[in-house]
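# Commentary on secondary and tertiary structure
One letter stands for each residue in the lines below.
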Amino acid sequence: MTVRTRVAPSPTGDPHVGTAYVALFNSVFARRHGGQFILRIEDTDRERSDVASESMIMDALRWTGIEWDEGPDRGGPCGPYRQSERVDIYRRHAQRLVDEDRAFCCFCTPDRLDALRRAQRQRGETSRYDGLCAGLDPAVAASRVEAGEPHVVRMRVPSDGACRFKDRLRGVIEIPWSQVDMQILLKSDGFPTYHLAVVVDDHMMGITHVLRGDDWITSTPKHELLYRHFGWDMPEHAHLPLLRNPDRSKLSKRKNPTSLHYFRDVGYLPEALLNYLGLMGWSMPDERELFSVDEMIAEFDLDRVSTGGPVFDLEKLNWLNGQYIRNLSPAEFADRVGQWALNRDRLERLVPMIQSRTERLIDLAPQVDYLLGERRALSADLFQHRTLTEEDCKRVLHHALAMMTTLRAWEGSVLMRECRALSEKMDIKLRDFLFPLFVAVSGRATALPLFDSMAFLGADLTRTRLRSAIVALGGISKKATKRLDKEFAALAQN
RNA sequence: GUCCCCUUCGUCUAGAGGCCUAGGACACUGGGUUUUCAUCCCAGUAACAGGGGUUCGACUCCCCUAGGGGACGCCA
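Residues numbered from 1 in each chain as written. Chains lettered and ligands numbered in written order. Predicted model: local features only at pLDDT ≥ 70, side-chain atom pairs only at ≥ 80, totals over all residues. Heavy atoms only, no water.

## Regarding the protein's contact with RNA strand B
Put simply, the test is: Nearness of a residue to a molecule or strand requires only that one of the residue's heavy atoms be within 4 Å of it. What qualifies as a polar contact is a pair of N or O atoms within 3.5 Å, subject to a donor-acceptor requirement within protein and to the restriction that residues adjacent in sequence count only when both atoms come from side chains. Helix and strand assignments come from DSSP, with helices taken as H or I runs of at least 4 residues and strands as E runs of at least 2, each series counted from the N terminus. Polarity classes work like this: nonpolar for Ala, Val, Leu, Ile, Met, Phe, Trp, Tyr, Cys and Pro, charged for Asp, Glu, Lys and Arg, and polar for all others, with Gly in that last group.
The environment of RNA strand B is made up of 52 residues, and the closest members are G124, K187, G281, E287 and E289. Each atom of RNA strand B within 4 Å of the protein belongs either to a base or to sugar and phosphate, the latter forming 76%. Between RNA strand B and the protein, one listed contact pairs a phosphate oxygen with a side-chain N or O atom of W319 at 3.5 Å. Elements with a contribution of two residues or more to the surface near RNA strand B: α4 (110–122), β6 (171–176) and α11 (314–327). Taken together, the residues of the surface near RNA strand B sort by class into 15 nonpolar, 17 polar and 20 charged.

Written as structure tokens, this is what we have:
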């Protein structure tokens, strides 16, 4: 049996470093065993998936140097590799389960489900479908479907006992069926949910080993049950530890840079990033810490994967990146710098901002200092303003940050529109509203156009700067954060 | 709240019952090299969550407690 692994990102935003992490382990494991590594796009959420995200993910993964043998861009024997193009396969399988009475049609409205969940939560139970439609006469259900009534397909779940499955890293895990929801397999739009699609695809694509984040552990019983119902062998599962923020919550863009674009744009070398990710939850038998992906492949062993969630430590990544930078030959170093900052594309994005402000080319560098380098360290007195207090500045920064985490597209025009709207809701003049943002982003009260600057820096770097600006202003207490979150939510409503 | 997972220096980790006086790396501190700085070199501070077992012997095995995390969506 040849080993086949996959990574299955969903194209719903910036390419996440966690995707590269899981991709690295999957590809290394496959290569170690002479197998194949597959990229599959899980775009079954029609609301949130978009093609721009899909190509960003593929570009970012290519940038890291991770290569896949089969995928939407290069085809392969098990295609298509984009789930939105496999919908009829999922429908067929869902229908098969309905025919065999292992699944049923459910006509409950979202409102009813919502109320149900709330009540269960209040009673301290795990929220779970109550089975109202499970007892429907199949003929009656079929005629309601026939009549065009909106419905979903749900899987039946054993009423008692527990699901036992093997995790390659932890051994046998046992989860009571009472904790497992009658999962929706097919949504009312006819698209599958993750749980149906992942099982069908992993089986049809010959996946032998599933290496994924450990946040999937609790839904594995659903998958185990599906494999059983379909009569398929379940691939071996190994749940990798989740990357963490310094506060040990799972790594999130709210608290940390997570976009692969950030790592590329601030000048991490992809080989250093992969080396660092290889250190997260895994170690070389001889404890060496500097190694290439090829060296990792030569030594990789799932037995050396640890289970505690590692904190993503930028400090150590910086050191590691420095090691790689210094090991470059002068010519390679020059090439890397050229590819990074002085490439034509990046320069052209700068030109509209700087050309009109330049008399001699030597005037250039001081203007773009904060765009091509770290901005200066901030102190509270930089935020002195004739009308805004420090508290006002913090409020603006907090709300701007909150607004930015909800943005789908990171573009100057969008940022401008959103900032204007926010300033009006907060009843602060736009020019005053912008002041703390200028300082936070550039370290100066006056700088190149703000929204173009933010667009150039990218979402993660911009957010990182706003966060550190709040710290420079003395930070916001937990209590105050809660209050501000509430305030922002209220503003966002109207 | 319910269920599941996890727990070695601040952080990443080594450790598969005696090699442990618990090792390495980052960070930090001190010293050296260097026209400054950085690099580089040397040294130092710092951990087995707690309590019970099992054993001649427990960081390693078992149980309990505590702490942390995750899941509980017509998201993935």
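After presenting the structure, the write-up continues.
## Notes on the domain arrangement of chain A
Here is the rule we go by: Domain start and stop positions are those given by an automatic or database domain assignment. By buried area we mean how much accessible surface two parts lose on assembly, using a 1.4 Å probe and totalling the loss over both. By definition here, a salt bridge exists when the distance from a side-chain nitrogen of Lys or Arg to a carboxyl oxygen of Asp or Glu is within 4 Å.
For chain A, the domain assignment lists domain 1 (4–84 + 243–319), domain 2 (86–240) and domain 3 (380–493). The C-alpha-based centres of domain 1 and domain 3 are spaced at 31 Å. The contact between domain 1 and domain 3 buries some 900 Å² in all, and 41% of this surface belongs to carbon and sulfur atoms. Considering only the surface of domain 1 that becomes buried against domain 3, K253, R254 and Y262 emerge as the three largest contributors, covering 55% of it. Between the two partners, domain 1 and domain 3, sit two salt bridges. The salt bridge involving D50 is made with R408; its shortest N-O contact spans 2.7 Å. Scanning the region where domain 1 abuts domain 3 turns up six residue pairs in polar contact (both at pLDDT 80 or more).

## Here we look at the sheet that holds strand β7 (residues 184–186)
Applied cut-off: Two strands pair under a simple rule: DSSP has to find at least two bridges between them. Working convention: axes come from line fits to C-alpha atoms, limited for helices to the stretch in contact. Angles between N-to-C directions cover 0 to 180 degrees. By definition in these notes, contact holds between two residues if any of their heavy atoms fall within 4.5 Å.
Spatially, the three strands line up as an open sheet ordered β3-β4-β7, and their pairing is antiparallel. Each edge of the sheet is formed by a strand with only one pairing partner; in this case those strands are β3 (103–106) and β7. Each strand axis lies, on average, 40° off the axis of its neighbour in the sheet, ignoring direction. In terms of strand pairing, β3 meets strand β4 (residues 152–155) through four bridges, oriented antiparallel. Following the sheet pairing, F104 is matched in β4 by R154. Helix-sheet contacts for helix α3 (residues 87–99) involve β3, β4 and β7, and the interaxial angle to β7 is about 125°.

## A closer look at the confidence of the model for chain A
Rules: The predictor attaches a confidence to each residue, called pLDDT, with possible values from 0 through 100.
Of all residues in chain A, 100% attain a pLDDT of 70 or more, and the chain-wide mean is 95. The complex model carries a pTM of 0.95, and its ipTM stands at 0.96.

## Side note on unusual backbone geometry
Peptide bonds are trans in most cases, and residues, glycine excluded, mostly fall at negative phi. The condition that has to hold: Accessible area is worked out with a 1.4 Å probe on protein chains only. A residue is then buried under 20% of its type maximum, exposed over 50%, and partly exposed in between.
Between G79 and P80 the backbone carries a cis peptide bond, its omega angle lying at -5°. Relative to the elements of secondary structure, P80 occurs in the loop between α2 (51–64) and α3. The phi angle at R248 is positive, at roughly 80°, despite the residue not being glycine. Position of R248 among the secondary structure elements: in the loop between β9 (236–240) and α8 (260–265). When its relative accessible area of 52% is taken as the criterion, R248 is described as exposed. Positive phi, close to 60°, is recorded for D427, a residue that is not glycine.

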